[in-house]
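# Residue-level structure breakdown
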Amino acid sequence: MEEILNILQENCPGIDFEGQERLIDDGILDSLNIVMLVGELNEAFDISIGAEDLVPENFNSLQAIHALVQRLADE
């Protein structure tokens, strides 16, 4: 989870990602942030985040992003 946190902090410095549960719903992450995040996660974890995974539930919190990465890595 630390690597995901580092990627988030590099893309959006100054945000407390560990304390946020509504990153998408509250507008903290926008579509451009998600596109950049998906690219970096795909590369860092050797996964492929598809269009079907681009839903707010998968990106609303650090924990949700971690769960998405874990699920895709296990496939």
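Residues numbered from 1 in each chain as written. Predicted model: local features only at pLDDT ≥ 70, side-chain atom pairs only at ≥ 80, totals over all residues. Heavy atoms only, no water.

### With respect to the packing of helix H1 (residues 2-11) against helix H2 (residues 31-45)
For the pair H1 and H2, the least separation of the axes is 10 Å and the interaxial angle reads 145 degrees. Remark: the crossing between H1 and H2 carries right-handed chirality. Contacts from Glu3, Ile4, Ile7, Leu8, Glu10 and Asn11 of H1 reach H2 at Asn33, Met36, Leu37, Glu40, Leu41, Ala44 and Phe45. (Axes fitted to C-alpha atoms, helices over the stretch in contact; angles between N-to-C directions. Helix = DSSP H or I, 4+ residues; strand = E, 2+ residues; numbered from the N terminus. Left-handed = near helix turned anticlockwise from the far one by under 90°. Contact = heavy atoms within 4.5 Å.)

### So, the pattern of salt bridges
Taken as a whole and judged by the stated rule, the model has four salt bridges. The residue Arg22 makes a salt bridge to Asp26 at a minimum N-O spacing of 3.1 Å. Residue classification places Arg22 among the partly exposed residues on the basis of a relative accessible area of 43%. For Asp26, a relative accessible area of 45% corresponds to the partly exposed category. Between Arg71 and Asp53 there is a salt bridge, and its shortest N-O distance comes to 2.7 Å. Of this pair, Arg71 sits in helix H3 (residues 62-74) while Asp53 sits in the loop between H2 and H3, and the two are 18 residues apart along the sequence. By relative accessible area, Asp53 is classed as buried at 5%. One connected set of salt bridges, linked through shared partners, spans Arg22, Asp25 and Asp26. (Salt bridge = Lys/Arg side-chain N within 4 Å of Asp/Glu carboxyl O. Buried < 20%, exposed > 50% of the residue type's maximum accessible area, 1.4 Å probe, protein only.)

### Some details on the environment of Glu40
Within the secondary structure, Glu40 is located in helix H2. In this structure Glu40 comes out as partly exposed when scored by relative accessible area, which is 29%. Separated by 36 residues in the primary sequence, Glu40 and Ile4 have C-alpha atoms spaced 9.2 Å apart.

### Focus on H2
With 15 residues, H2 extends 21 Å between its outermost C-alpha atoms, agreeing within 8% with the 21 Å of an ideal straight helix rising 1.5 Å per residue. Of all the positions in H2, only Asn33, Ile34, Leu37, Val38 and Leu41 are classed as buried. Mapping the buried residues of H2 onto a view down its axis gives an arc of 130 degrees, with all of them on the same face. Turned more than 90 degrees away from the buried face of H2 sit Leu32, Val35 and Glu43, all of them exposed. Residues of H2 that are buried sit in contact with H1 and H3. The opening residue of H2 is Asp30, an N-cap whose side-chain oxygen sits 3.1 Å from the backbone nitrogen of Leu32. (Expected span 1.5 Å × (residues − 1). Arc of directions from axis to C-beta. Polar contact = N/O pair within 3.5 Å; in protein donor to acceptor, adjacent residues only side chain to side chain.)

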